[in-house]
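# Remarks on the overall topology
Here is how the chains run, residue by residue.
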Amino acid sequence: MPRSALRVCPLCEATCGLTLTIEGTTVTGARGDRDDVFSRGFLCPKGAVFGAVDADPDRLRTPLVRRDGRLREATWEEAFDAIAAAVPGITASYGAQSVGVVLGNPNVHTMAGALYPPLLLKALGTRNLFTASTVDQMPKHVSSGLLFGDPFAIPVPDLDRTDFLLLLGANPLESNGSLCTAPDFPGRLKALRARGGTLVVVDPRRTRTAALADRHLAPRPGSDAPLLAALAHTLLAEKLADPGPLAPHLRGLDALPAALADFTPEAVAAGCDLTAEEIRALARDLAAAPTAAVYGRMGSCTAEHGTLASWLVDVLNILTGNLDRPGGALFPLSATAPAPRPAGPGKGFALGRSPAGPGKGFALGRWASRVSGHPEVKSELPLAALAEEIDTPGEGRIRALIAIAANPVLSAPDGRRLDAALAGLDFMVSVDPYLNETSRHAHVVLPPPPPAQSPHFDFAFNGFAVRDQVRYSPRAVPLQDGGRDECEIHARLILAVSGLHGSAEPSAVDDTAVRSTLAKATADPDSPLHGQDPARLEARLTGADGPERRLDLMLRLGPYGDRFGHDPAPEALTLERLLAHPHGIDLGPLKPRLPGVLRTRSGGIELLPDPVVAGLPRLREALADRPDGALVLVGRRHLRSNNSWLHNVPALTGGSNRCTLQVHPADAARLGLADGGRARVTAAGGSLEVPVEVTDAVRTGVVSLPHGWGHDRPGTRLSVASADPGANVNQLLDGRLLDPLSGTAVLNGFPVELVPLP
Ligand SMILES: Nc1nc2c(c(=O)[nH]1)N[C@H]1C(S)=C(S)[C@@H](COP(=O)(O)OP(=O)(O)OC[C@H]3O[C@@H](n4cnc5c(=O)[nH]c(N)nc54)[C@H](O)[C@@H]3O)O[C@H]1N2
Ligand SMILES: Nc1nc2c(c(=O)[nH]1)N[C@H]1C(S)=C(S)[C@@H](COP(=O)(O)OP(=O)(O)OC[C@H]3O[C@@H](n4cnc5c(=O)[nH]c(N)nc54)[C@H](O)[C@@H]3O)O[C@H]1N2
Ligand code: SF4
Ligand SMILES: [Mo]
């Protein structure tokens, strides 16, 4: 008899609740859970084939350990023995910095990825941390860090209540949204229009999202920052700026008009390839809307001036009075966030320190990368600099690497160099279900179980969701084939690198985390637990294992938690209560949270922070930059894709999900390119041969190639993906083109040359 189980989908940020059909231990079907408090039955084509993703025969079922140069199947004991035998020795001989850590995107979709990497980094003591953030959203963290003092305080557009949405560089009809968790994003945009609201999309491609919009502007890639600056300029010049109740919190408002004085609509128009009238009209409409939200994502972040664009997005939300008000852009309050503190000055977001003395400029970063001196941001170094940190000789070189849920050979700039660098490591561990372009270099591969065998909680995305809510999915199918839960894998990895392999159980890692949290809370005079006995609190935690107990603790200490009260309100959160609500608990629409979220040194909103002031001249220089006929390349996502790792699922490949270079008909005619023909694309990092797709969905002067392809390397186990490998767009980059404020790679809007191939 088939049974059903509920599981929140881990395949994108929309976090839809699924109802899985399970026969034996196999997932044979998936549909949207109509009773899910947040997703209400929505499901996309990826969620629908959850079973095929789960059952991919190429998934690794046992660890792999390299012997005599070859990766062979091994037991878990052998795998952790090998790590314990290698990593502590490398650290002892060459120092903590000789071990690097790479964290890829799925870490934000797993419980393990949220709970253990901070402990791993602490155990290793390394500063060589690289994550997918620096090929993605780091500009948002930096701008929020500077404006609000907290890099995680990222305002989210209030999709369900806004009257006007200005969306830049995002295509939620295919991506299902990012840093704006909203199951059924497409339906929510349609509802916005149905209630008389306005959707404006800024994208050099006519995407499915743009096709839905009231207005689509297709500027040159990389011009979001000047465009947004001109919108802000217009608001200020035409006295349309009205921050309303935000005013008392603002620092630097008086200096803003002068800082933006050069960015008149006329000055930016040619560079953006828009008219000054279009820009003015947009600013006036934004100001006139009863409520409005400006939202910029991937295309704004991973283009030139990504941090300035991200900063300007929130400057516009502030100048129009839309920040922190219903219908505008608000700060979600996740159930596992630290409980809100009384308002007041915080520690501040330390993006570098200003050396004493006037006129010396400022130093980005509390430390810098060894080879190129890239400033640290949020304790991370740019992923684009990983290869050079491995292959450049000298003291502090990375000799061992731990890669968790990461495929940087495809996702980071200059994969060929990284590929070669990884091959030269003394030791590498991959925590990954696939033997792919990156993990093929590992000495030990530790495979997590398929998603149906993993519990799920969205530690990350609840903090970016358009509605406060909380859901937990225990594992839908018991662990099979001697598999280990990913949390246990992470805990054992921490023990192995700490020299504790064999002498401590993985639960010790969780116990240490719980005790340290309780020790802090009971010692903190501002905490409701102040003065209580931590051991007695610990004894009251529930949960089947370490990770569940840690979840219980975070829920109870969180903003909706029971705080271990003896007579808690019936709605106060605990793990027990969450388990009693398998479709989740709705915590209501987003609410204003200022000034409570602010953590700046001043306690206010720093509208014009120093690093931004220092970065503006570069943006001013860009005003002189005019289209010169050179082509630039942008990416794109397909509804049935997921970065580099779903090309192996037959149900998701083929059709329009192909690695083609989209070229506008006018550019194709000029260059002699034909639809279905081939072209050579060349940029700073190298050349690729790709099939050409002629379409007017891209604007003139712009070509588009998706990322995550290039599955043609030997030694992988990706039988479906390697049969139709595609080309790795990131091979066109040399790793040097970065947004200087955030270290984020410029993946969109870089110059390329095209020649037709016979
Ligand atoms: N040119 C270009 N490059 C890009 C982008 C772009 O738009 N254009 N997008 C960028 C963005 S936004 C991102 S986030 C990055 C993504 O870059 P990465 O995070 O490096 O790549 P992913 O393809 O998401 O693959 C992550 C790895 O996780 C593994 N994995 C899948 N599920 C699990 C799991 O449950 N546990 C573990 N441990 N591993 C798992 C997969 O097998 C894969 O090896 O790529 C970036 N690169
Ligand atoms: N189906 C699917 N869904 C996914 C993923 C996936 O790979 N496939 N990946 C997930 C991940 S890791 C992320 S981070 C999110 C990203 O999700 P989104 O933020 O929605 O990003 P994209 O879909 O890449 O859309 C970015 C858009 O920016 C446009 N663009 C390029 N350059 C510029 C520019 O300079 N200015 C402007 N205004 N636009 C520009 C591109 O044409 C593209 O349409 O998607 C997630 N969801
Ligand atoms: S939209 Fe995202 S979370 Fe929802 S079913 Fe599709 S892949 Fe899963
Ligand atoms: Mo991403």
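These remarks concern the structure in this document. (Residues numbered from 1 in each chain as written. Chains lettered and ligands numbered in written order. Predicted model: local features only at pLDDT ≥ 70, side-chain atom pairs only at ≥ 80, totals over all residues. Heavy atoms only, no water.)

## Overview of the overall build of the chain
Convention followed: In DSSP terms, a helix is any run of H or I states spanning at least four residues, a strand is any run of E spanning at least two, and both are numbered starting from the N terminus. Throughout, radius of gyration means the C-alpha value; the globule benchmark is 2.2 Å times the number of residues raised to the power 0.38. Here the term buried applies to any residue with accessible area under 20% of the maximum for its type, exposed to any over 50%, and partly exposed to those in between, with areas from a 1.4 Å probe on protein chains only. A contact between two residues is defined here by any heavy atoms of the two lying within 4.5 Å. Residues scored as positive are Lys and Arg, those scored as negative are Asp and Glu, and His as well as the terminal groups of each chain are ignored. Charged groups are reduced to one reference atom each: NZ for lysine, CZ for arginine, CG for aspartic acid, CD for glutamic acid.
Within the chain one finds 25 helices and 30 strands. By the compact-globule yardstick of 27 Å for 758 residues, the chain fits well, its C-alpha radius of gyration being 25 Å. Residues counted as buried form 59% of the 758 residues belonging to the chain. Within the chain, contacts between residues separated by at least 24 positions form 72% of all contacts whose residues are at least 6 apart in sequence. If the 75 positive side-chain charges of the chain are averaged to one point and the 82 negative ones to another, these points end up 1 Å apart.

## What to know about the site of ligand 3
The following threshold applies: It suffices for a single heavy atom of a residue to lie within 4 Å of a molecule or strand for the residue to be listed as near it. Charged residues are taken to be Asp, Glu, Lys and Arg, nonpolar residues to be Ala, Val, Leu, Ile, Met, Phe, Trp, Tyr, Cys and Pro, and polar residues to be all remaining types, Gly included.
The full set of residues close to ligand 3 is Cys9, Leu11, Cys12, Ala14, Thr15, Cys16, Phe42, Cys44, Lys46, Gly47 and Asn176. Across the shell around ligand 3, the residue classes tally to seven nonpolar, three polar and one charged.

## Quick notes on the site of ligand 1
Selection criterion: For this analysis, a polar contact is any N or O atom pair within 3.5 Å, provided that within protein one partner can donate a hydrogen and the other can accept it, and provided that sequence-adjacent residues contribute only side-chain to side-chain pairs.
Near ligand 1 there are 28 residues, and of these Asn105, Ser411, Asp432, Asn436 and Ser644 occur at the shortest range. Backbone polar atom of Asn407 to an oxygen atom of ligand 1: 2.8 Å apart, as the coordinates give it.

## Some remarks on the sheet that holds strand β3 (residues 26-32)
The line we're drawing: The pairing criterion is simple: DSSP has to find at least two bridges between the two strands. Axis lines are fitted through C-alpha atoms, for helices just across the contact stretch, and the angle between N-to-C directions can take any value from 0 to 180 degrees.
Taken in spatial order, the three strands of this open sheet run β1-β2-β3, and their pairing is antiparallel. Of all the strands in the sheet, just β1 (3-8) and β3 have a single pairing partner and so form its edges. Across this sheet, the average inter-strand angle for adjacent strands is 30 degrees, counted without regard to direction. One ladder, built from six bridges, connects β1 with strand β2 (residues 17-23); its direction is antiparallel.

## Description of the environment of Gly327
Note that Gly327 resides in the loop between α15 (306-319) and β14 (329-330). Here Gly327 is in contact with Asp158, Arg161, Thr162, Thr291, Ala292 and Ala293, once residues within four sequence places are set aside.

## Let's talk about unusual backbone geometry
Residues Leu594 and Pro595 are joined by a peptide bond in cis, for which omega reads 0 degrees. Topologically, Pro595 is positioned in the loop between β21 (585-589) and β22 (605-606). Residues other than glycine seldom take positive phi values, yet Phe564 does so here, at roughly 60 degrees. Its place among the elements puts Phe564 in the loop between α22 (546-557) and α23 (575-579). Of note, Asn643 is a non-glycine position whose phi angle comes to about 45 degrees, a positive value. Structurally, the position occupied by Asn643 is in the loop between β23 (631-634) and β24 (661-663).

## Let's talk about helix α18 (residues 415-423)
This is how it is decided: For this quantity, the arc is that covered by the directions from the helix axis to the C-beta atoms.
If you check which residues of α18 are buried, you get Gly415, Leu418, Asp419, Ala421 and Leu422. For α18, the buried positions fall inside an angular range of 165 degrees around the axis, keeping them on one side. Turned more than 90 degrees from where α18 packs its buried face, Ala420 and Ala423 sit exposed. Buried-residue contacts for α18 involve α16 (386-391), β15 (400-404), α17 (408-411) and β16 (427-431).

## Re the pattern of salt bridges
What counts here: A side-chain nitrogen of Lys or Arg and a carboxyl oxygen of Asp or Glu constitute a salt bridge if their distance falls within 4 Å.
All told, the structure shown has 33 salt bridges when counted by the stated rule. Where Glu689 meets Arg680, a salt bridge forms, and the shortest distance between an N and an O atom there is 3.3 Å. Residue Arg680 is classed as partly exposed on the basis of its relative accessible area, which comes to 31%. Here Asp734 ties to Arg736 by a salt bridge, and the two come within 3.2 Å at their closest N and O atoms. Given the relative accessible area of 70%, Arg736 is considered exposed.

## Observations concerning the packing of helix α6 (residues 138-148) against α15
For clarity, the threshold we go by: An angle below 35 degrees is read as roughly parallel, one above 145 as roughly antiparallel, one from 65 to 115 as roughly perpendicular, and any other as oblique. Crossings are assigned a handedness: left-handed for a near helix turned anticlockwise from the far helix by less than a right angle, right-handed for a clockwise turn.
Two elements in contact, α6 and α15, have axes separated by 8 Å at closest approach and are oriented at 50 degrees. Comparing their axes, α15 and α6 come out oblique. Of the two elements, α6 crosses α15, and the hand of that crossing is right-handed. Facing α6, whose interface residues are Pro139, Lys140, Val142, Ser143, Leu147 and Phe148, α15 presents Gly306, Thr307, Ser310, Trp311, Val313, Asp314 and Ile318.

## Observations regarding the environment of Asp485
Within the secondary structure, Asp485 is located in the loop between β20 (472-473) and α19 (486-497). The class of Asp485 is buried, set by a relative accessible area of 7%. When the C-alpha atoms of Asp485 and Arg59 are compared, they prove to be 15 Å apart, with 426 residues separating the residues in sequence. Residues within four places of Asp485 in sequence aside, it is in contact with Pro449, Gln453, Ser454, Pro455, Arg475 and Leu479. Of note is the side chain of Asp485, whose polar atom sits 2.8 Å from the side chain of Arg475. Only 2.9 Å separates the side chain of Asp485 from the backbone nitrogen of Cys487, close enough to count as a polar contact.

## Here we look at the sheet that holds β16
Note: strands within a sheet are paired through backbone hydrogen bonds, in either parallel or antiparallel orientation. Taken in spatial order, the seven strands line up as β5-β4-β17-β16-β15-β6-β7 in an open sheet, and their pairing is mixed. Among the strands making up the open sheet, the edge pair consists of β5 (70-73) and β7 (129-131). In this sheet, adjacent strand axes meet at a mean angle of 15 degrees when their direction is disregarded. With five bridges joining them, strand β6 (residues 99-103) and β15 adopt parallel strand pairing. The partner of Val101 across the bridge, within β15, is Ile402. Strands β4 (64-67), β6, β15, β16 and β17 (444-446) of the sheet are contacted by helix α3 (residues 76-94), whose axis makes an angle of about 125 degrees with β17.

## Let's talk about the state of the cysteines
Defined as follows: The term disulfide is used for any two cysteine sulfur atoms that are within 2.5 Å.
On inspection of all chains with the given rule, the structure shows zero disulfides. Distance from the sulfur of Cys487, which forms no disulfide, to the nearest cysteine sulfur (Cys9) is 18 Å.

## A look at the environment of Gly502
Positionally, Gly502 belongs in the loop between α19 and α20 (507-523). On the basis of relative accessibility, which here comes to 73%, the residue Gly502 falls in the exposed class. A C-alpha to C-alpha distance of 9.4 Å links Gly502 and Glu77, two positions 425 residues apart in sequence.

Function cannot be inferred from these measures alone, as they are strictly geometric.
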